[in-house]
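Fold and contact review
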Amino acid sequence: MEFQTLFNADCLDSCSVHRGRRDHHGDLTLLACGGYELVKQPEDSSPGRRMGGIHLLYVNAHHRSDGCRLCALPFVDLSCGVLDVLCVLSSEGSVTLVAAGADAAVHIIRATLEWGDEEGLSVSSAVTLSSIPPGGPLPPPRPFTLASPTARPELTAESTCGAPGGDGPICTSVALLDDSPCVFGYCVSDGTACLVQSEDLTQPRRVATWCAHDLETWTIALQPTPAAPDQLHGACRLIATGADDCVMKIWDARVGFDAPVAHNRREHPMGVTAIAFHDTDEHTLLSGCYDEHVRVWDLRSIGSPTSSFKSSGGVWRIKWDSTLRRSSPGQGPSVDRLMVAACHGGCQIWQTQPTATGEYELLHEYTGHGSMAYGIASVPSAAPGAHYYASCSFYDRKLALWRVG
């Protein structure tokens with residue numbers, strides 16, 4: 001099943017939306033797909049403008065005998081491109097989107113959801129709770145005009161929409177702590193990284209801003225809070241960053257950001273594009289690289305990886321599929337499943353069990369994209385043995401839904 005996006009699709013995330021039924025047959029999966037494009041007028045010598053926004057869609061993969069439905073909701077036009085997006089269910093009636101913008105800002109958006117009579121979803125409104133620009137004061141919240149998911153906003157000669165093109169910085173990645181938008185980090189293409197806290201999402205504050213790398217910083221990750229009684233939930237500990245300088249760095253928020261507490265300059269021959277802490281094993285970290293390899297690290301010693309495996313293309317995104325682990329309590333050893341968006345190599349699902357050898361095996365490969373695959377997300381299903389995934393690709397502007405099992 002496929003959907004054509006309005007702009008070049010480059011990022012994707014998902015969250016479950018609950019209707020409050022005990023049998024969970026009312027559950028849907030919400031998809032947020034970001035797009036980015038440098039748009040220029042014909043015969044225009046200017047750098048153009050960076051345009052884009054976020055497609056919202058929902059999937060019902062729980063109780064239909066004929067498979068999934070992929071339904072488009074209104075398009076959220078940010079008037080700038082989106083390089084990364086995360087979505088978090090705020091309540092039964094709203095979802096929070098945290099988007100990395102091509103204007104070098106992070107945008108926190110609240111979309112209000114409504115259930116229809118036929119178990120469908122609609123979006124009644126969307127508002128920017130806050131935007132965090134690269135410098136200066138925070139602008140006031142503003143509402144969005146929800147647009148048709150099939151009518152592309154166009155740039156005209158008189159238009160001021162979109163972020164300026166050229167060599168200006170862009171926000172490249174955003175990461176949440178413990179799946180909550182109250183603490184998150186983001187990085188910018190000029191090498192800057194930031195840590196943000198916000199008890200009230202309309203008033204976020206930067207608690208740290210530092211120069212993480214000398215070249216474009218592509219990825220940032222925050223270590224999950226361990227499930228221990230002596231650990232304060234929401235207290236950030238380790239932060240990992242990777243960049244075009246081929247360096248992976250580990251920072252400790254408890255001691256400051258003057259220097260990393262650990263780094264590796266040797267093992268990545270090309271840019272470090274993706275990093276993911278394990279969500280239950282506090283000693284495990286994974287990194288992805290343009291050289292098509294995913295490396296597995298023990299944080300107690302990152303002189304060299306404990307193992308690695310070769311993907312089908314340059315690695316752009318790696319994510320743990322924690323929905324499978326949470327959905328199968330008491331059913332034997334936990335299965336780790338890793339999602340990989342591998343640019344020209346399509347998308348892959350890798351699997352391992354922590355109690356086994358620790359080696360990763362290829363479970364499934366999706367090759368239906370006709371362009372660079374940049375985004376991937378999990379879509380849980382109640383069908384026995386089946387699980388769905390969504391992925392998106394850039395130049396062909398395609399969002400695809402596919403099944404494993």
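What you see as residue numbers is a count from 1 along each chain, following the sequence as written. Local features are withheld for residues below a pLDDT of 70 in this predicted model, meaning they are given only at 70 or higher, and side-chain atom pairs are given and counted only at 80 or more; totals for whole chains, interfaces and linings count all residues. Values reported for side chains reflect all heavy atoms of the structure, with hydrogen atoms and water molecules removed beforehand.

**Let's talk about the overall build of the protein**
What counts as a helix is a DSSP run of H or I of at least four residues, what counts as a strand is a run of E of at least two, and both are numbered from the N terminus. Assigned secondary structure in the protein consists of one helix and 31 strands. The classification of residues rests on relative accessible area computed with a 1.4 Å probe and restricted to protein chains. Under 20% of the type maximum is buried, over 50% is exposed, and intermediate values are partly exposed. The buried share of the protein, reckoned over its 405 residues, is 56%. Taking contacts inside the protein between residues at least 6 apart in sequence as the whole, the part at least 24 apart equals 54%. To measure how exposed things are, a 1.4 Å probe is used in the Shrake-Rupley method; for residues, cover is taken only from the protein chains shown. Entry remark: accessible area of the protein is about 16,800 Å², with carbon and sulfur atoms responsible for 50%. The contact rule is simple, with two residues in contact once any of their heavy atoms fall within 4.5 Å.

**Points about the sheet that holds strand β24 (residues 307-310)**
Here four strands make up an open sheet; going across it, the order is β21-β22-β23-β24 and the pairing antiparallel. The open sheet is flanked by β21 (272-277) and β24, the only strands paired with a single partner. Geometrically, the sheet is characterised by an average inter-axis angle of 20 degrees between neighbouring strands, direction not taken into account. Bridge count for strand β23 (residues 293-298) against β24 is four bridges, and the pairing is antiparallel. Residue pairing in the sheet places V296 in a bridge with S307 of β24. In this description, strands pair whenever DSSP reports at least two bridges between them. Where helices are involved, their axes are fitted lines through C-alpha atoms of the stretch in contact, as for all axes, and angles between N-to-C directions lie from 0 to 180°.

**Describing the confidence of the model for the protein**
Confidence of the prediction at every residue is given by pLDDT, a number between 0 and 100. Model confidence for the protein is summarised by a mean pLDDT of 85, while 81% of its residues fall at 70 or above. For residues 229-233, every residue scores under 50 in pLDDT, and the model assigns this stretch six contacts once sequence neighbours within four places are set aside. A low-confidence stretch, residues 326-333 (pLDDT under 50), is modelled with two contacts involving residues beyond four sequence positions or located in other chains.

**Thoughts on the environment of F3**
Structurally, the position occupied by F3 is in strand β1 (residues 2-4). The class for F3 is buried, based on a relative accessible area of 14%. Spatially, the C-alpha atom of F3 lies 10.0 Å from that of T150, the residues being 147 residues apart in sequence. With sequence-adjacent residues up to four places away left out, F3 is seen in contact with H55, L57, L70, A72, P149, R397, K398 and L399.

**Focus: the nonpolar core**
Nonpolar cores are built from buried Ala, Val, Leu, Ile, Met, Phe, Trp, Tyr and Cys residues. Side-chain atoms within 4.5 Å join them into one set. Counting 26 residues, the largest nonpolar core has L30, I54, L56 and L78 as its most contacted members. Elements with a contribution of two residues or more to this core: β2 (9-17), β3 (28-39), β4 (49-60), β5 (69-77), β6 (82-91), β7 (94-101), β8 (106-115) and β9 (121-132). Among all residues touching L30, those that are not within four sequence positions of it are D13, S14, C15, V17, L57, Y58, L73, C87, V95 and L121. Membership of the second largest hydrophobic core comes to 18 residues, among which are C171, V188, V196 and L201.

**Some words on the UniProt feature "repeat: WD" (unreviewed entry) in the protein**
UniProt positions are given in the numbering used here, feature names are shortened, and annotations may be inferred rather than shown by experiment. The residues that UniProt annotates with the feature "repeat: WD" (unreviewed entry) are residues 265-301. Taken end to end, residues 265-301 has its terminal C-alpha atoms 14 Å apart, with 0% of it in helix and 49% in strand.

**Quick look at the pairing of strand β27 (residues 347-352)**
With six of its six residues buried, β27 lies for the most part within the structure. The alternating pattern of β27 places C347, I349 and Q351 on one face and Q348, W350 and T352 on the opposite face, and all of these are buried. Across six bridges, the pairing between strand β26 (residues 336-341) and β27 is antiparallel. Across the sheet, residue D336 finds its bridge partner in β27, namely T352. If you look at the hairpin formed by β26 and β27, you'll find five residues sitting between the two strands, and C343 has a positive phi there, around 50 degrees. Pairing of β27 with strand β28 (residues 361-366), which is carried by five bridges, proceeds in the antiparallel orientation. Across the sheet, residue W350 finds its bridge partner in β28, namely L362.

**Side note on unusual backbone geometry**
Not every positive phi belongs to a glycine, and C246 is a case in point at roughly 65 degrees. Given a relative accessible area of 18%, C246 falls into the buried group. At C343, a residue that is not glycine, the phi angle is positive and equals roughly 50 degrees. Here C343 lies in the loop between β26 and β27. Residue class for C343 comes out buried when judged on its relative accessible area of 4%.

**Topic: the packing of aromatic side chains**
Stacked, edge-to-face and tilted labels apply to pairs of Phe, Tyr and Trp rings (six-membered ring for Trp) whose centres lie within 6.5 Å, assigned for plane angles under 30 degrees, over 60, and everything in between, in that order. Tallied over the entire structure, the rule returns 14 aromatic pairs. Here W210 and F257 contribute two aromatic rings whose centre-to-centre distance is 3.9 Å and whose plane-to-plane angle is 15 degrees, an arrangement assigned as stacked. In this pair, W210 is assigned in strand β16 (residues 205-211) and F257 in the loop between β19 (248-252) and β20 (262-264), connecting sequence segments 47 residues apart. W210 sits in the buried class, given a relative accessible area of 6%. The buried category is assigned to F257, whose relative accessible area is 15%. Summarising the aromatic geometry, the rings of W316 and Y374 are spaced 5.4 Å apart at their centres and angled 50 degrees between planes, so their arrangement reads as tilted. Here the residue W316 occupies a position in the loop between β24 and β25 (317-320), and Y374 occupies one in strand β29 (residues 373-379), the gap between them amounting to 58 residues. Looking at W316, the relative accessible area reads 11%, which means it is buried.

**With respect to the side chain of H55**
Here H55 lies in strand β4. Overall, H55 belongs to the buried group, its relative accessible area being 3%. For H55, the side chain forms a polar contact with the main-chain nitrogen of L6, separated by 3.0 Å. Whenever a nitrogen or oxygen atom comes within 3.5 Å of another N or O atom, the pair is scored as a polar contact, on the condition that within protein one atom can donate a hydrogen and the other can accept it, and that pairs from neighbouring residues in sequence are kept only if both atoms are in side chains.

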